[in-house]
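Analysis of the macromolecular model
For reference, the chains in residue letters:
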Amino acid sequence: MRSELYIDGKWTAASDGKTFEVVNPATEEVIHRISAATAKDVDSAVKAARRAFDRDGWPKLTGAQRARYLRAIAAGIRARQAEIARLEVLDNGKPLPEADWDIADAAGCFDFYAGLAEQLDNDPEEAIALADDRFTSKAVREPIGVAGAIIPWNYPLLMASWKVAPALAAGCTVVLKPAEVTSLTALELAAIADEIGLPPGVLNIVPGAGSVAGQAIIDHSQVDKLAFTGSGPVGSKIMAAAARDIKRVSLELGGKSPFVVFDDADIEKAVEWILFGIFWNQGQVCSATSRVLVQDGIYGALLKRLIEEANKIRIGDGLDEGVLLGPLVSKRQYEQVVAAIDAANSAGATVACGGTRPEGFDRGYYLRPTVLTDVPLDSAAWVEEIFGPVVCVRPFKTEEEAVALANDTRFGLAAAVMSRDDTRAERVAKAFRAGIVWINCSQPTFTEAPWGGYKESGIGRELGRWGLNNYLETKQITKYMSEDPWGWYIK
Ligand code: NAD
């Protein structure tokens, strides 16, 4: 396990020598300590990224040259996939097969953006047809500069990859701050970058507190672009900081995503997708479908099967074979989710299953899969993101009512619909005010497709070619082709 900051191609302790604890959420034991970056360390990291961008030529490499580095990082991740997945479980608590999946996806993300970096050399978006044929014009895309990336703890290496891969592909250099509760695998990414010979300063990793290291990144005048995934309140701070300096900004924030199940749906399949939509990663998923709306014809039968299956989910240490639900990431998160369940109860909701610590677990931040019914529409449980294994289930009568309930939220990250009637599913998909819509499933995520939210769920899109655009500026270059002067006034 690495314990130091990675700045300008070197491992270094924090300038004030301070460290923070790494806690295994399955055992509550302190398993490691990591240097906590200070504002001074962040300044060194930004200056290194600046030099790599302005002087040392990272943006001047061809896309194909940068792609070679990205592919080498992907290969480096794959070569150590098992080891990195294990670290992710120790740090975050998720079941090992999920961690394994995340790490494979992270490697895939670097390969995907290597492909887009190569395409930048022959950018298909270049040619512009002008109405005036005395001129030719082209649009060239160029990297924005130094990107400050700040990420959460729910998919530690994957979130790092979603930002670092497109930024490096575009030709930006990066200062990345992982979440303070899950910094281990971001440091492994730095180790891989180091091993494959990524030039110094191109990628800098500065673990530390949000209020110190994170704040120093967003306040730094030499950072050109802020890319953030996390909570709404911190997202607001980041946007305010970006507004002050006119930094480019992209935000991926929270959600309270609906899953509408019509009564022509297969109940068993619906239950499977509902479980996946809310209990995957212990429900600590920004796009979790945490509000399930079920048409009244199958409401009773579906709820019964959902509770039976939720009660069967095997809970335990993510490293143990067959475990499907690990502990929540931290004591703080565990306490927040328990408080949200208590508040729902006080507001009149029924805890149909779960809501408590599973039997036989004295240590670790474990919580049973929880199904809430009768949740008042104006209660926090229905309105606010809980970010834990807690789903609210509610009946509806008509399509119109379902769409209105689904959209009655200040968030708009994701939404799902299940029906055997394709026309209806498509119609509802279009009616959802959300950036990601799933038909007959919930949560499958693809590196090629745009990811991001409407309304308070964020600004901009990650992944796919949209993700690359987050790190590019567009410049027009227009050439006058005629010998005849055009003059300062129009003839
Ligand atoms: P958080 O906002 O508390 O922290 C996210 C990151 O911001 C951390 O690295 C933290 O250290 C940093 N930070 C905190 N204060 C800061 C400050 N003042 N300046 C700069 N950085 C600061 O969120 P979290 O608890 O880590 O994650 C949970 C939240 O993230 C949920 O609300 C969830 O919905 C959201 N999320 C969204 C997505 C998405 O793709 N839309 C993905 C994952 C998580």
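Residues numbered from 1 in each chain as written. Predicted model: local features only at pLDDT ≥ 70, side-chain atom pairs only at ≥ 80, totals over all residues. Heavy atoms only, no water.

As for the overall build of the chain
A count of helical and extended segments in the chain gives 15 helices and 22 strands. Compactness check: the chain gives a C-alpha radius of gyration of 24 Å against a globular reference of 23 Å for 491 residues, within 12% of the reference. Out of the 491 residues belonging to the chain, those deemed buried represent 56%. Pairs at least 24 residues apart make up 73% of the contacts formed inside the chain by residues separated by at least 6 positions. Taking the average place of the 53 positive charges on the side chains of the chain and the average place of its 66 negative ones, the gap between the two points comes to 4 Å. (Helix = DSSP H or I, 4+ residues; strand = E, 2+ residues; numbered from the N terminus. Rg over C-alpha atoms; globule rule 2.2 N^0.38 Å. Buried < 20%, exposed > 50% of the residue type's maximum accessible area, 1.4 Å probe, protein only. Contact = heavy atoms within 4.5 Å. Lys, Arg positive; Asp, Glu negative; His and termini not counted. Charge placed at Lys NZ, Arg CZ, Asp CG, Glu CD.)

Quick look at the sheet that holds strand β18 (residues 414-418)
Reading across the sheet, the seven strands line up as β14-β15-β16-β13-β12-β18-β19 and stay open at both edges, with mixed pairing between neighbours. The open sheet is flanked by β14 (350-353) and β19 (436-439), the only strands paired with a single partner. Here the average twist between neighbouring strands, direction ignored, is 25°. Summarising the sheet, strand β13 (residues 291-295) and strand β16 (residues 390-396) pair through five bridges and their orientation is parallel. (Pairing = 2+ DSSP bridges. Axes fitted to C-alpha atoms, helices over the stretch in contact; angles between N-to-C directions.)

Brief notes about the pairing of strand β3 (residues 19-24)
Relative to strand β4 (residues 29-35), β3 runs antiparallel, the two sharing six bridges. Residue pairing for β4: Val23 is matched across the bridge by Val30. Connecting β3 to the next strand, β4, in antiparallel fashion are four residues, including Glu28 with a positive phi near 65°.

Quick look at the layout of surface pockets
Of the voids in this model, the largest pocket is the one considered here, and its volume is about 1300 Å³. For the lining of the largest pocket, the secondary-structure elements that each account for two or more residues are α7 (210-219), β10 (225-229), α8 (232-245), β11 (248-252), α11 (331-346) and β21 (458-459). Here the lining of the largest pocket takes eight residues from α8, the largest share from any one element. By volume, the second largest pocket is sized at about 390 Å³. Along its surface, the second largest pocket is lined by 20 residues, and Asp105, Leu158, Trp280, Gln443 and Thr445 are the ones closest to its centre. Elements with a contribution of two residues or more to the lining of the second largest pocket: α4 (96-120) and α5 (156-170). (1 Å grid on protein atoms, 1.4 Å probe; cavity = no way out; pocket = protein on both sides within 12 Å on 5 of 7 lines; lining within 4 Å. Points joined across faces, edges and corners; volume = space filled by probe spheres on them.)

As for unusual backbone geometry
One non-glycine residue, Asp8, lies in the positive phi region at around 55°. Among the structural elements, Asp8 can be located in the loop between β1 (5-7) and β2 (10-12). Residue classification places Asp8 among the buried positions, given a relative accessible area of 19%. Here Glu28, not a glycine, exhibits a phi torsion of approximately 65°, which is positive. Looking at the element boundaries, Glu28 is found in the loop between β3 and β4. In this structure Glu28 comes out as partly exposed when scored by relative accessible area, which is 30%.

Observations regarding the pattern of salt bridges
Counted by the stated rule, this structure contains 33 salt bridges. Put simply, Glu309 and Arg305 hold a salt bridge, and the shortest N to O gap is 2.9 Å. Note that Glu309 and Arg305 are positioned in helix α10 (residues 296-312) at a spacing of four residues, about one turn of the helix. Comparing Glu309 with Arg305 shows no difference in burial state: the two are buried. (Salt bridge = Lys/Arg side-chain N within 4 Å of Asp/Glu carboxyl O.)

Some remarks on the sheet that holds strand β22 (residues 472-480)
Strand order in this open sheet of three strands is β5-β6-β22, and the pairing throughout is antiparallel. Whereas interior strands pair on both sides, the edge strands pair on one side only; in this sheet they are β5 (127-128) and β22.

A look at the site of the ligand
Lining the immediate surroundings of the ligand are 27 residues, of which Ile151, Glu180, Ser231, Leu253 and Glu385 lie closest. Within the backbone of Gly210, one N or O atom sits 3.4 Å away from an oxygen atom of the ligand. Between the ligand and Gln215, the relevant distance is 2.9 Å, taken from a nitrogen atom to a side-chain nitrogen or oxygen of the residue. Coverage of the ligand by the protein chains reaches 91% of its 850 Å² of free accessible surface. Its atoms largely coinciding with the cavity grid, the ligand occupies the largest pocket. Put simply, the parts of the chain that give the shell around the ligand at least two residues each are α7, β10 and α8. Per-element accounting of the shell around the ligand gives the leading share, four residues, to α7. (Near = heavy atom within 4 Å. Polar contact = N/O pair within 3.5 Å; in protein donor to acceptor, adjacent residues only side chain to side chain. Areas by Shrake-Rupley, 256 points an atom, 1.4 Å probe, with all protein chains shown as cover. Sits in = over half its atoms within 2 Å of the grid points.)

Here we look at the UniProt feature "active site" (unreviewed entry) in the chain
Under the local residue numbering, the UniProt record ascribes the feature "active site" (unreviewed entry) to Glu252. Here Glu252 shows up in strand β11. If we ignore the near neighbours within four places in the chain, the residues touching Glu252 are Phe228, Thr229, Gly230, Trp451, Gly452, Gly453, Ser457, Gly460, Arg461 and Glu462. (UniProt positions renumbered as here; feature names shortened; annotations may be inferred.)

Notes on empty space enclosed by the protein
All chains considered together, the criterion is met by three cavities of 30 Å³ or more. Here the largest cavity defines a volume of roughly 80 Å³. Lining the largest cavity we find 14 residues, and of these Ala288, Ser290, Glu385, Ile386 and Phe387 sit closest to its centre. Of the residues that constitute the lining of the largest cavity, the class distribution is seven nonpolar, five polar and two charged. Quantified by volume, the second largest cavity comes out at close to 70 Å³. (Nonpolar A, V, L, I, M, F, W, Y, C, P; charged D, E, K, R; others polar.)

Things to note about the packing of aromatic side chains
Aromatic ring pairs are defined here through the distance separating the ring centres and the angle between the ring planes. Per the counting criterion, the structure on display carries 13 aromatic pairs. Seen from their ring centres, Phe276 and Trp280 are 4.8 Å apart, and the 50° between their planes marks the pair as tilted. Owing to a relative accessible area of 24%, Phe276 belongs among the partly exposed residues under this scheme. On the basis of relative accessibility, which here comes to 17%, the residue Trp280 falls in the buried class. Both rings, one in Trp438 and one in Trp451, keep their centres 6.3 Å apart while their planes meet at 55°; by these two values the pair is tilted. Residue Trp438 is found in strand β19, and its partner Trp451 is found in the loop between β19 and β20 (454-455); the two are separated by 13 residues along the sequence. Like Trp438, the residue Trp451 is buried in the burial classification. Chaining the aromatic ring pairs together yields one cluster made of Trp101, Trp273, Phe276 and Trp280. Against the face of Tyr471 rests Lys225, its NZ or CZ located 5.2 Å from the ring centre. Geometry around Trp466 places Arg465 over its ring, the cationic atom sitting 4.3 Å from the centre. (Phe/Tyr/Trp six-rings, centres within 6.5 Å; stacked < 30°, edge-to-face > 60°. Lys NZ or Arg CZ within 6 Å of the ring centre and 35° of its normal.)

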